[in-house]
Amino acid sequence: MPQPAMQIDPSLFPHLSRLVSQQLAVYPEHAKLFDRRFGGESPEALAHLEWLARKVAKLTAGAEQTFLQDYRWLCDRQVEEELYFRRTGRYRLDTFSQAYEQVYSDAAYMTRYMNGLLMTQLWWSNHTSVMAFFRNGYLPSLGADYSHLEIGPGHGLFLALAAEDQRCRTATGWDISAASIERTRHALESLDPGRMPDLVLQDLFASPTAQFDSLVFSEVLEHMENPRAALDAIRPLLSPGGRLFLNMPINSPAPDHLFNVETPSELRSFLEDAGFSVLEEHLAPATNQKLDQSVRKKLTISCAYILERS
Ligand SMILES: C[S@@+](CC[C@H](N)C(=O)[O-])C[C@H]1O[C@@H](n2cnc3c(N)ncnc32)[C@H](O)[C@@H]1O
């Protein structure tokens, strides 16, 4: 099996090392990118990756080839969008109805998209880094016995982590795409966190009256035609003292992304203007990139925040 030049020690990181080899067999063009990505990782980061790889291996068991191929498919879609973005300075789609027609309502497309996105949690360092912030920063910051809602759980990994947290009292997922709900359910059944969250086909703009101590809105704001209206819809869903984990990649074209800002500080101001206070900020540049250069050159940066209502 192909391996990156920098070997990941299979005796220390068995799941990661196997998944890397399997992915390179499907996508040999990624060898250099993986060399740099994993060659530079600290032992702590590799330990987090191994923890994540164990979950991904469980979730993809019996269908590994599908997930690995879907990752390659997703990268091809990203390249098309990236070319458009760099040529024009804007994302290709403008309206939610375009995104709904071309992406969310297309079950086959959406399934591949969510499968590929699951693999990016391992292969794209900004995604891995945000997942570590969620696991080690956000979840432990929540009070005991919290009620939890994720809007747009997609591949389901974030929701599964909350559902397996002993301190989480209730877990709920809302998504506008039936295929995403199916992927989330599959993730939860495979990872078996000890309970099945309530999964609802639900547009956030038609939210029922409810409040949650913890709300996750990860990689959804950039899908909004009217992002301020989305934040206005979310704010009342937070119980007094409740926390919001919000994650948005900027300068990050994708088949269904509509909203962009060019710098992390612009996004922070946008969130503050919408009535949120930033308790913590975590900025993660794309794989093999540095944060200062990414800000200067307007490259992809995942911007993750722990917020509360101001
Ligand atoms: C890119 S995925 C995010 C998956 C995961 N949360 C993550 O951070 O990797 C975006 C998800 O948001 C869902 N979504 C988009 N618009 C929505 C809306 N108006 N209401 C609820 N879900 C929505 C999509 O169907 C999709 O499953």
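Residues numbered from 1 in each chain as written. Predicted model: local features only at pLDDT ≥ 70, side-chain atom pairs only at ≥ 80, totals over all residues. Heavy atoms only, no water.

### A closer look at the side chain of Asn-126
Turning to step 1, where the next piece is worked out: Along the chain, Asn-126 falls in helix α7 (residues 125-141).
Turning to step 2, where the next piece is worked out: Given the relative accessible area of 4%, Asn-126 is considered buried.
Turning to step 3, where the next piece is worked out: In this structure Asn-126 touches Ala-284, Pro-285, Ala-286, Thr-287, Thr-300 and Ser-302, once residues within four positions along its chain are discounted. (Helix = DSSP H or I, 4+ residues; strand = E, 2+ residues; numbered from the N terminus. Buried < 20%, exposed > 50% of the residue type's maximum accessible area, 1.4 Å probe, protein only. Contact = heavy atoms within 4.5 Å.)

### Remarks on the site of the ligand
Turning to step 1, where the next piece is worked out: As a structural note, the neighbourhood of the ligand is formed by 24 residues, with Gly-152, His-155, Asp-175, Ser-180 and Ser-218 the closest of them.
Turning to step 2, where the next piece is worked out: Within the contact set of the ligand, a nitrogen atom lies 3.0 Å away from a backbone nitrogen or oxygen of Leu-204.
Turning to step 3, where the next piece is worked out: About the coverage of the ligand: the protein hides 99% of its 610 Å² of free accessible area.
Turning to step 4, where the next piece is worked out: Only α6 (107-123) and β1 (146-151) provide two or more residues apiece to the shell around the ligand.
Turning to step 5, where the next piece is worked out: For the shell around the ligand, the leading source of residues is α6, giving four residues.
Turning to step 6, where the next piece is worked out: Partitioned by chemical class, the residues of the shell around the ligand number eleven nonpolar, nine polar and four charged. (Near = heavy atom within 4 Å. Polar contact = N/O pair within 3.5 Å; in protein donor to acceptor, adjacent residues only side chain to side chain. Areas by Shrake-Rupley, 256 points an atom, 1.4 Å probe, with all protein chains shown as cover. Nonpolar A, V, L, I, M, F, W, Y, C, P; charged D, E, K, R; others polar.)

### Points about the pattern of salt bridges
Turning to step 1, where the next piece is worked out: Using the criterion set out here, one finds 16 salt bridges in the structure.
Turning to step 2, where the next piece is worked out: A salt bridge links Arg-86 to Glu-82; the shortest N-O distance between them is 2.8 Å. With Arg-86 and Glu-82 both in helix α4 (residues 64-88) and four residues apart, this pair spans about one turn of that helix.
Turning to step 3, where the next piece is worked out: Residue classification places Glu-82 among the partly exposed positions, given a relative accessible area of 29%.
Turning to step 4, where the next piece is worked out: One salt-bridge network, in which partners are shared between bridges, spans Asp-145, Arg-169 and Asp-213. (Salt bridge = Lys/Arg side-chain N within 4 Å of Asp/Glu carboxyl O.)

Shape is all these values report; function is a separate question.
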